[in-house]
Each structure stands twice: as structure tokens, then as C-alpha cells.
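# Architecture at a glance
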Amino acid sequence: MTAPSTPQAAATVRTFAQRLSATPRGARLARHLALNQLDAWGIPYGSAPAEAVAAIVAELAANAVTHGRIPGRDFELRLSLVTGSVRIEVSDTRVGPPLPPGPGHVPQPDGLAESGRGLVLVEAYADRWEVVDRVPPPGKTVRAEVDLPPGRRRARGLLAPG
């Protein structure tokens, strides 16, 4: 007789966190830092997971700078290498409505609209994502995960076999 299997929570293997100025320059830097960190973790530049993470970081950082900016307050980028995926978290200190729409509720922008595509791209690139209250408050965090293909799950010996 075998015991029923229970799902295991993802184990965080590596983390990276950086506070950045809530400016366009800070948003660009977030993308570059993310790509450099992924490469250091064995997820090379140009790979599908690295490109997906870079696109998500770029959009979430741009949103934090554009919609979540409070003068004098930074935003935070956090990357976590968890078993089988990369978790991206971008936090800002803006509170109150309107909160961004969550997964499955992102409206499709008008074809001629000059904005409104950021979360559409996040929804397309991320395997999972959500909007949560920032810990510690104030603010919100948009968290997304990009799954790593089985061959990348052993990146430089950091992750369990996949």
C-alpha cells in the first residue's frame, strides 16, 4: 500500500532583490538586472525563459513607474529561482483604486490605443500571475512565474531535476 502523494510547495533556491528609482531609467535598469541575474543563475541571454522574464519585468517595471509612482518612493524588483520556474515580483507603494485587473480580467486594448498592452503581454508570457497586497504595506505587488523547460531545471546545479 502506498501513501497518497501530496503536492509539494516550490522551494526557493536563489533570490535577487533590488530597489530602483521610479523613473524610466529605473524601469530599463530592472530589465537589464533581471537578464544579468538569470544568466548568473545559468539561464542564458536569448533563451525563451530569459526573454519571457525580460518582457514581464519590462512591462511590470514600466507600470510601476507610470501607474504606481509616488514621488520620492522607489519600486522593488524581486526574482526568485524556485523549483521549475522563475518568479518575478514588482512592488510599488501606490495604494487605493484602481488596482490593476487580475489574470483573466485584462481587457484587450483597442487596436489604435497608445497604451493598455502591458498586462496583456504579462498574461501572454507568464505561466501564472497575480496581483497581491505588498508585504510590508503600503502598496501592491504583481507576481508572475515563468516555467523553465525540463532541461533548464538543472541550471548550474541550482535546481532539482525536472
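It should be emphasised that the depicted structure is a prediction, and the values quoted were computed from it without experimental measurement. (Residues numbered from 1 in each chain as written. Predicted model: local features only at pLDDT ≥ 70, side-chain atom pairs only at ≥ 80, totals over all residues. Heavy atoms only, no water.)

## Describing the overall build of the protein
For the record, the criterion: Secondary structure is summarised from DSSP: a helix means a run of H or I of at least four residues, a strand means a run of E of at least two, and numbering begins at the N terminus for each. Accessible area is worked out with a 1.4 Å probe on protein chains only. A residue is then buried under 20% of its type maximum, exposed over 50%, and partly exposed in between. In this analysis, two residues are considered to be in contact whenever any of their non-hydrogen atoms come within 4.5 Å of each other. Areas reported as accessible are Shrake-Rupley estimates using a 1.4 Å probe. Residue values count occlusion only from the protein chains shown.
Within the protein one finds three helices and five strands. The order of helices and strands in the protein, counted from the N terminus, is β-α-α-β-β-α-β-β. A buried classification covers 39% of the 162 residues belonging to the protein. A sequence separation of at least 24 residues applies to 63% of the contacts in the protein between residues at least 6 apart. In the form shown here, the protein has an accessible surface area of approximately 9,200 Å², with 53% of it arising from carbon and sulfur atoms.

## Comments concerning the pairing of strand β4 (residues 128-133)
For the record, the criterion: Strands were regarded as paired on the criterion that DSSP finds at least two bridges between them.
Sheet topology places β4 next to strand β5 (residues 140-147); six bridges connect them, and they run antiparallel. Residue pairing in the sheet places Asp133 in a bridge with Lys140 of β5. Adjacent in sequence and paired antiparallel, β4 and β5 are bridged by six residues, among which Gly139 carries a positive phi angle near 120°.

## A look at helix α2 (residues 48-66)
Keep this limit in mind: Between the first and last residue of a helix there are one fewer steps than residues, each counted as 1.5 Å, and that sum is the expected span.
In this model, α2 (19 residues) spans 27 Å end to end at C-alpha, consistent with the 27 Å of a helix rising 1.5 Å per residue. Looking only at α2, the buried set comprises Pro49, Ala50, Ala52, Val53, Ala54, Ile56, Val57, Leu60, Ala61, Ala64 and Val65. Buried residues along α2 sit against α1 (24-40), β2 (75-82), β3 (85-92), α3 (118-125) and β5.

## A closer look at unusual backbone geometry
Cis rather than trans, the peptide bond between Val135 and Pro136 has omega equal to 0°. Residue placement: Pro136 occurs in the loop between β4 and β5.

## Brief notes about the packing of α2 against α3
The test is simple: A fitted line through C-alpha atoms represents every axis, and for helices the fit uses only the stretch in contact; the resulting angles, taken between N-to-C directions, go from 0 to 180 degrees. Relative orientations are named as follows: roughly parallel for angles under 35 degrees, roughly antiparallel for angles over 145 degrees, roughly perpendicular for angles from 65 to 115 degrees, and oblique for any other angle. Left-handed describes a crossing whose near helix is turned anticlockwise from the far helix by less than a right angle; the clockwise case is right-handed.
Contact pair α2 / α3: the axes reach a minimum separation of 9 Å and the direction vectors enclose 150°. Taken together, the axes of α2 and α3 are roughly antiparallel relative to one another. Of the two elements, α2 crosses α3, and the hand of that crossing is left-handed. Here Ala52, Ala55, Ile56, Glu59, Leu60 and Asn63 of α2 lie close against α3, whose contacting residues are Gly118, Leu119, Leu121, Val122 and Tyr125.

## Examining α1
When the terminal C-alpha atoms of α1 are compared, their 25 Å separation across 17 residues agrees well with the 24 Å that a helix rising 1.5 Å per residue should span. Turning to α1, its buried residues are Gly26, Ala27, Ala30, Ala34, Leu35, Gln37 and Leu38. Gly42 lies just past α1 and shows a positive phi near 95°.

## Digging into the confidence of the model for the protein
Filter applied, for reference: Summary of the metric used: pLDDT quantifies the predictor's per-residue confidence within the range 0 to 100.
With 74% of its residues at a pLDDT of 70 or more, the protein has an overall mean of 82. Note on residues 153-162: pLDDT under 50 across the span, and 27 contacts to partners over four residues away in sequence or across chains.

## Remarks on the nonpolar core
The condition is simple: In these notes, a set of buried Ala, Val, Leu, Ile, Met, Phe, Trp, Tyr and Cys residues joined through side-chain atoms within 4.5 Å is what counts as a nonpolar core.
Core analysis: the largest hydrophobic core is formed by 35 residues, its most contacted members being Phe75, Leu77, Leu79 and Ile88. Among the secondary structure elements, those contributing two or more residues to this core are β1 (12-20), α1, α2, β2, β3, α3 and β5. Broken down by element, the residue count for this core peaks at ten residues, all from α2. In this structure Leu77 touches Phe16, Ala17, Gln18, Leu20, Ala30, Val57, Ile88, Glu89 and Val90, once residues within four positions along its chain are discounted.

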